[in-house]
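Structure at a glance
Below, each chain spelled out in residue letters.
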Amino acid sequence: MEKTMEHRVKTASGVVSVIVYGDREKPALITYPDLALNHMSCFQGLFFCPEAASLLLHNFCIYHISPPGHELGAAPICPNDSAPSADDLADQILEVLNFFGLGVVMCMGVTAGAYILTLFAMKHRERVLGLILVSPLCKAPSWSEWFYNKVISKLLYYYGMCGVVKEFLLQRYFSKEVRGNVEIPESDIAQACRRLLDERQSVNVMRFLDAIDRRPDISSGLKKLKCRTLIFIGDQSPFYSEAVHMAATLDRGYCALVEVQACGSMVTEEQPHAMLIPMEYFLMGYGLYRPCLFTESPRSPLSPSCIAPELLSPESMGLKLKPIKTRLSAA
């Protein structure tokens, strides 16, 4: 029986809110959102997509982890509490897994959340079955990103979640088409996100931003990461080159890259339908499948037993080589 329940997990770096949805007897899928977001504003589009929801909920119990103070109705975190580092946030994942008695898990993260989950996978390889990363980070901030983050941090400190901060964040998340302009009205997705950002406590967002702004470069450790990894990147994402760099650095036998056209960073909200087929093939490699809607059979006609194993490799999926080759040839 599927049900939703919020748990507050005490960790060495503070309390973490975890929304659990689904049958806890199933394998676990851990999600972690981007800056200033939570599961409602970062993953709702994906889980409201019927085909994607059926694929994920059929196979997993979902554990939505919010960054400290990013959950719905969160109070401001006391300024005297020490601010966590990216390492601390990754260690919180381990404490959450241990709290629920989880062993090996599948992970899905967006941008800053993708970085935290990748760092966790590098530190605790035995606990991660696979990674689904959306517009991920892996290098230390560039000078321009560092400056951009400092401007946001100062605005948050003096003015809170003001209109300028929300504009900066929407540029981080969405393509120009979704954000709109003088001639094109702002989309419903951007308007909904803007309203949800109003609920964030500025001090809590500053703490997560500070942790991400101080993140170390983890590129050198990516080759040692042997879990299968599926990366999505919107071609209008400000983190496009970083995602391509990460995919090129990971072991090619374990990584596939999907470039989503006319999309920003938050593919989960802007174009969730584009994630379905790649995720379906990715999960087939683990013997997981989408339930067939037209028969009583518990197995899909595209179940792994019907497909040659070599067809489940990243290269055969056609997801990685073309975008990487295109990017490198343009360099």
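Since the structure is predicted, the reported quantities are computational estimates derived from the model, not experimental observations. Once a new chain begins, its residue numbering starts again from 1 and follows that chain's sequence as written. The model is predicted, so local features are restricted to residues of pLDDT at least 70 and side-chain atom pairs to those at 80 or more, both for listing and for counting; the totals for chains, interfaces and linings are taken over all residues. Side-chain metrics rest on all non-hydrogen atoms present in the structure, leaving aside hydrogens and water.

Turning next to the packing of helix 7 (residues 163-173) against helix 9 (residues 188-197). Here, axes are lines fitted to C-alpha atoms. For helices the fit covers the stretch in contact, and angles between N-to-C directions go from 0 to 180 degrees. Runs of E in the DSSP output that reach at least two residues are strands. Runs of H or I that reach at least four are helices, and both are numbered from the N terminus. Interaxial distance between helix 7 and helix 9 falls to 11 Å at its minimum, and their mutual angle equals 130 degrees. Relative to helix 9, helix 7 is oriented oblique. Crossing handedness for the pair helix 7 and helix 9: right-handed. Along the contact surface, helix 7 presents K166, E167, L169, L170 and Y173, while helix 9 presents A190, C193, R194 and L197. In this count, Pro and Cys sit with the nonpolar residues alongside Ala, Val, Leu, Ile, Met, Phe, Trp and Tyr, while Asp, Glu, Lys and Arg are called charged and the others, Gly among them, polar. Residues belonging to the contact of helix 7 with helix 9 are distributed by class as follows: six nonpolar, no polar and three charged. Working definition: roughly parallel below 35 degrees, roughly antiparallel above 145 degrees, roughly perpendicular at 65 to 115 degrees, and oblique for all remaining angles. Left-handed is the label given to a crossing in which the near helix is rotated counterclockwise from the far helix by less than a right angle, and right-handed is the label when the rotation is clockwise. In what follows, residue pairs with any heavy atoms lying within 4.5 Å of each other are defined as contacts.

To continue, consider the pairing of strand 2 (residues 14-21). Only when DSSP finds a minimum of two bridges between them are two strands counted as paired. Relative to strand 2, strand 1 (residues 4-11) runs antiparallel, the two being bridged by eight bridges. Counted as the bridge partner of M5 is V20 from strand 2. Between strand 1 and the antiparallel strand that follows it, strand 2, lie two residues. Inspection of the sheet shows strand 2 paired to strand 4 (residues 61-65) by four bridges, in the antiparallel sense. Bridge pairing in strand 4 links I19 to H64.

Further remarks concern helix 10 (residues 202-213). Multiply 1.5 Å by the residue count of a helix minus one, and that product is the helix's expected span. Between its first and last C-alpha atoms helix 10 spans 16 Å; for 12 residues at 1.5 Å apiece the expected length is 16 Å, and the two agree. Counting buried positions along helix 10 yields nine of 12 residues, so the element is predominantly enclosed. Remark: exposure states derive from per-residue accessible area (1.4 Å probe, protein chains only) relative to the maximum for the residue type, with buried under 20%, exposed over 50%, and partly exposed in between.

Within this document, salt bridges are pairs made up of a side-chain nitrogen of Lys or Arg and a carboxyl oxygen of Asp or Glu, the two lying within 4 Å of each other. In the structure shown here, the tally under the stated rule is 12 salt bridges. Across the salt bridge formed by D87 and K123, the nearest N and O atoms sit 3.0 Å from each other. Of this pair, D87 sits in helix 4 (residues 86-100) while K123 is found in helix 5 (residues 112-123), placing the two residues 36 residues apart along the sequence. You can call D87 partly exposed: its relative accessible area is 35%. Put simply, D213 and K150 hold a salt bridge, and the shortest N to O gap is 3.8 Å. Separated by 63 residues along the polypeptide, D213 in helix 10 and K150 in helix 6 (residues 143-159) bring together distant segments of the chain. Beyond isolated ion pairs, a larger network of salt bridges with shared partners links D87, D91 and K123.

UniProt positions are given in the numbering used here, feature names are shortened, and annotations may be inferred rather than shown by experiment. UniProt tags residues 99-122 as "transmembrane region" (unreviewed entry). End C-alpha to end C-alpha, residues 99-122 measures 20 Å, and it is 54% helix and 25% strand.

Glancing now at the packing of helix 3 (residues 50-59) against helix 13 (residues 276-284). Put simply, helix 3 and helix 13 touch, their axes get as near as 10 Å, and they point 20 degrees apart. In terms of orientation, helix 3 lies roughly parallel with respect to helix 13. Every pair of crossing elements has a handedness; the one defined by helix 3 and helix 13 is left-handed. Packed against helix 3, whose contacting residues are E51, A52, L55 and L56, the element helix 13 presents L276, M279, E280 and L283 at the interface. Among the residues forming the contact of helix 3 with helix 13, the class breakdown is six nonpolar, no polar and two charged.

With that out of the way, let us pick up the confidence of the model for the protein. Averaged over every residue, the pLDDT of the protein is 88; the share at 70 or more is 87%. On a range of 0 to 100, pLDDT expresses the predictor's confidence in each residue. Counting interchain partners and residues more than four positions distant, the pLDDT-below-50 stretch residues 294-331 has 56 contacts.

What follows concerns the sheet that holds strand 4. Two modes of strand pairing occur in sheets, parallel and antiparallel, and in both the strands are linked by backbone hydrogen bonds. With mixed pairing, the eight strands of this open sheet are ordered in space as 1-2-4-3-5-6-7-8. With one partner strand each, in any of the chains shown, strand 1 and strand 8 (255-260) form the two edges of the open sheet. Averaged over all adjacent pairs, the angle separating strand axes in this sheet is 20 degrees, with direction ignored. The pairing of strand 6 (residues 128-134) with strand 7 (residues 228-234) spans five bridges and is classified as parallel. Across the sheet, the residue bridging to I132 is L230, located in strand 7. Strands strand 6, strand 7 and strand 8 of the sheet are contacted by helix 11 (residues 240-249), whose axis makes an angle of about 160 degrees with strand 7. Helix 13 rests against strand 5 (105-110), strand 6, strand 7 and strand 8 of the sheet, and its axis sits at about 175 degrees to strand 7.

Turning to the packing of aromatic side chains, a few remarks are in order. Only Phe, Tyr and Trp rings take part, Trp by its six-membered ring, and two of them pair if their centres are within 6.5 Å. Stacked means planes under 30 degrees apart, edge-to-face means over 60, and tilted covers everything else. What the rule picks out here adds up to eight aromatic pairs. Centre to centre, the rings of Y157 and Y158 are 5.0 Å apart; their planes meet at 90 degrees, and the pair counts as edge-to-face. Overall, the relative accessible area of 58% leaves Y157 in the exposed class. With relative accessibility at 58%, the residue Y158 sits in the exposed group. Where Y173 meets F174, the ring centres are 6.0 Å apart and the plane angle is 80 degrees; that geometry is what we call edge-to-face. The buried category is assigned to Y173, whose relative accessible area is 1%. Among the aromatic residues, those joined into a cluster by ring pairs are Y63, F99 and F100. Over the ring of Y115 we find R215, and its NZ or CZ is 5.9 Å from the ring centre. We call a charge positioned over a ring when the NZ of a Lys or the CZ of an Arg lies within 6 Å of the ring centre and within 35 degrees of the ring normal.

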